[in-house]
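# Observations on the model geometry
Here are the chains, one letter per residue:
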Amino acid sequence: MEIFDFVFFRNALIGIILVSVASALIGTYVIVRRLMFVTGGITHSCFGGLGLGYYLGWNPLLVAGAFAIGSAVGIEWLSTRQHVRRDTAISVVWSLGMAMGVIFIFLTPGYVPELNSFLFGNLLTITTADLTVFAVYLAVLLGVFVGLYRMITVCAFDADYGRTIGLPVRAVNMLMLVLVSISVVLTLKLIGIMLLMSLFGVPQMIAEVFTPRLRPMMIIAAGVSLVCSVVGLFISYYSNIPASATIVVTLVVAYAIARAIAYAIKRTHNR
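Rules and cut-offs
- Each chain carries its own residue numbering, running from 1 in the direction its sequence is written.
- Only residues with pLDDT of at least 70 are given local features in this predicted model, and only at 80 or more are side-chain atom pairs given and counted; all residues enter the totals for whole chains, interfaces and linings.
- The basis for every side-chain value is the complete set of non-hydrogen atoms in the structure, without hydrogens or water.
- Only DSSP runs of H or I reaching four residues or more are called helices, and only runs of E reaching two or more are called strands; each is numbered from the N terminus.
- The globule rule used here is 2.2 Å times the number of residues to the 0.38 power, and the radius of gyration it is set against is calculated over C-alpha atoms.
- We call a residue buried when its accessible area falls under 20% of the maximum for its residue type, exposed when it is over 50%, and partly exposed in between, using a 1.4 Å probe and counting protein chains only.
- By definition in these notes, contact holds between two residues if any of their heavy atoms fall within 4.5 Å.
- Only the protein chains shown count as cover for residues, with accessible areas throughout obtained via the Shrake-Rupley method and a probe of 1.4 Å.
- Each pair of aromatic rings taken from Phe, Tyr and Trp, with Trp reduced to its six-membered ring, is defined by centres within 6.5 Å and is described as stacked if the planes are under 30 degrees apart, edge-to-face if over 60, and tilted in the remaining cases.

What follows is about the overall build of the chain. Per the secondary structure count, the chain includes 11 helices and zero strands. A compact globule built from 271 residues should have a C-alpha radius of gyration of about 18 Å, and the chain, at 19 Å, falls within 12% of that. In terms of its C-alpha atoms, the chain occupies a principal-axis envelope of roughly 65 × 55 × 30 Å. Taken across its 271 residues, the chain has 49% of its residues classed as buried. Relative to all contacts within the chain whose residues are 6 or more apart in sequence, the contacts with residues 24 or more apart total 75%. Accessible area of the chain: about 13,200 Å², with a carbon and sulfur share of 69%.

See the structure below:
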């Protein structure tokens, strides 16, 4: 229990709890809408914002956030208004963001020591200000899901029916893409660009093993993400290995266990 005497560990624990729940909720929407590739494009486009932020001497996370939201809006605009194939629009945004990041980092004088934390994540650098931002975002996300749950569900599963009954499908989809973008940016410092996608996909894959419904899927994904993230954090502390990588491995092991349990249940019912 002496590890709780360290402020950095307490901050890391609280931060991973907040972000794991938030990413599980928004990640469920991403999985249902089949937007994982879109999320990948948004994630990698943030690298351009990070590079520009360091080059201009501005807050890199704020610039990355602008890049993320701009990328989400750009992908949606190209695919819906300009009739560009979604995968093509994503590949353009993805490669452009990475290329701009490389250029601006190259032009930035000196060495950028914080860049590795955004690429690979560093839970132990979370500050009290980070926790405040995460908590505010999670509160907003929960408010959106509680207040707009019916519209989000209809727009996610049957957009044509939503248009028929007069729901603002385009506005709802855009709002959710903005929330996905914000979640990506806020999670960058925790688990990094390279490992971010795991929190948006693996807990939801585990939840899908047991239920196809949106609300139970969110609850199960949030619980799995929370437990695996905390377990991974403790394992990384005692084994002295990177926390972000440990959390990802823990999630994948949990998915393998979930599949084994589902297979065992299926065999029992077939007997």
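Another point: the packing of aromatic side chains. Inspection of every chain in the model, using the stated rule, returns four aromatic pairs. Seen in terms of ring centroids, Phe9 and Tyr237 are 5.4 Å apart; in terms of plane orientation they differ by 65 degrees. Their pairing is edge-to-face. Of the two residues, Phe9 is situated in helix H1 (residues 7-32) and Tyr237 in helix H10 (residues 214-239); the sequence distance between them amounts to 228 residues. Look at Phe9 and you get buried, because its relative accessible area is 1%. Its relative accessible area of 31% is what places Tyr237 among the partly exposed residues. Here Tyr237 and Tyr238 contribute two aromatic rings whose centre-to-centre distance is 5.2 Å and whose plane-to-plane angle is 90 degrees, an arrangement assigned as edge-to-face. Judged by its relative accessible area of 55%, Tyr238 falls in the exposed class. An aromatic cluster of three or more residues is present, and its members are Phe9, Phe234, Tyr237 and Tyr238.

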